[in-house]
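The residues making up each chain are set out below.
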Amino acid sequence: MAVLLTPAPAEAAEAGRLVAITDQDYDNAAAARIRLMDPAVADWNSGTAQKWTWSPTSTNGFSGLTGAWGLPSDVKLRMKGGAYVALVTDSRGLAGLISYPAGRKLWAANVGSANNPHSIELLPDGNVAVAASTGGFVRIYTASQGTSTYVTYPLPDAHGVQWDPTRQLLWVLGGSKLAGLKITGTPAEPVISDGPVITLPTGGGHDLTPVLENHDLLWVSTGSKVYQVSKSAAAVVATFDQAGIKSVSSMPNAQQVRTSPKAGCRTTWCTDTVNFAVPAATRTLSGAEIYKARVWSSRYE
């Protein structure tokens, strides 16, 4: 069910002002959901802080797929055919494309809980890329055709996918490997081929997002560091000593948005707090089991 608590925040989305969180619930899958939060509200426990919330139900088109939900692992806002859409993955198997803000299913697949889907991206032709960490692959699903067929690129510990409209590449992250894949063929029969490869200084690659307002830079987090990577130079250009960062992104004004595990949370990977930097701030949602926080912008760069 999608719940819109204020008018559709299109302008806020493009300004990169709101933040989407993947709120897991390890013990109660039905309680897990995507929440769209307003950082301008200091108290995230107040009713005015949450602008939208979503989870898959039979009512919004996910009959037969709700069992693949409970540990949401990624969410992104994109544009498709002139309308906003959102993409979600869940470690229990779900990959989905939904209308935003209505929250209706446009396409979905069960990637399999054993594969642990971690990240998702919308390609310009309407197909969907999914990175699965335990499965060790990136798949291109033929969502443009309304089907769940796919082609696979092997990538051990695959954690991130990010489309690059300037270079027409799909950047993928797994372990210490950051690769730009070429997607050719047709929407019905996509073909994946190798492009540039960047070997990161450290392993455990985890998150991959754009530095908004900069067409060249990507954020990359690993087990022990956070990097800014130049796509044009195919090289790391900045290093930050920040360990255990589960998600990192930035507002158009360069304010960073990060999550990392917090002692006392239900799992070893969750937190109830989103951290901001430059300028520094924190926002806490009591009782939440947050995995990732995403700047809510449809832009790829």
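Structure shown above.
Here is a short report on the structure shown in this document.

Scoring rules and cut-offs
Residues numbered from 1 in each chain as written. Predicted model: local features only at pLDDT ≥ 70, side-chain atom pairs only at ≥ 80, totals over all residues. Heavy atoms only, no water. Buried < 20%, exposed > 50% of the residue type's maximum accessible area, 1.4 Å probe, protein only. Helix = DSSP H or I, 4+ residues; strand = E, 2+ residues; numbered from the N terminus. Pairing = 2+ DSSP bridges. Core = buried A, V, L, I, M, F, W, Y, C linked by side-chain atoms within 4.5 Å. Contact = heavy atoms within 4.5 Å. Phe/Tyr/Trp six-rings, centres within 6.5 Å; stacked < 30°, edge-to-face > 60°. Lys NZ or Arg CZ within 6 Å of the ring centre and 35° of its normal.

## Observations concerning the pairing of strand β3 (residues 33–37)
Among the 5 residues in β3, 5 count as buried, and that is most of the element. Residue alternation in β3 divides its side chains into two sets, R33, R35 and M37 and I34 and L36, and both sets are buried. Here β3 runs beside strand β4 (residues 50–54); their pairing, made up of 4 bridges, is antiparallel. Among the inter-strand pairings, R35 is bridged to a residue of β4, identified as T53.

## Focus on the pairing of strand β26 (residues 290–295)
The element β26 is extensively covered by neighbouring structure, given that 6 of its 6 residues are classed as buried. As paired strands, strand β2 (residues 19–23) and β26 are joined by 4 bridges and run antiparallel to one another. Each residue of the ladder has a partner; that of V19, found in β26, is V295.

## Let's talk about the nonpolar core
Formed by 31 residues in total, the largest nonpolar core has its most connected members in W107, V128, V138, Y153, L170 and V172. The biggest single contributor to this core is strand β10 (residues 128–132), with 5 residues. Filtering out sequence-adjacent residues up to four positions away, V172 remains in contact with V138, Y153, L155, G160, V161, K177, L178, A179, L181 and L208. In this structure, L36, Y84, I98 and A108 belong to the second largest nonpolar core, which totals 21 residues.

## Overview of the packing of aromatic side chains
Working definition: an aromatic ring pair is given by the centre-to-centre distance plus the angle between the planes. Within the structure shown, the criterion is met by 10 aromatic pairs. Measuring from centroid to centroid gives 5.5 Å for W54 and F62, while their planes differ by 70 degrees, and the two rings are edge-to-face. Of the residues examined, W54 reaches a relative accessible area of 0% and is grouped as buried. A relative accessible area of 0% places F62 in the buried class. An angle of 75 degrees between the planes, with centres 5.4 Å apart, marks the rings of Y100 and W296 as edge-to-face. Taken together, the residues span a long stretch of sequence, with Y100 in the loop between β7 (94–99) and β8 (105–110) and W296 in the segment after β26 at a distance of 196 residues. W296 shares its class with Y100; the two are buried. Put simply, the rings of W52, Y84, Y100 and W296 touch in pairs and so form one group of aromatic residues. Above the ring of Y150, the side-chain terminus of R139 is found at 3.9 Å from the ring centroid.

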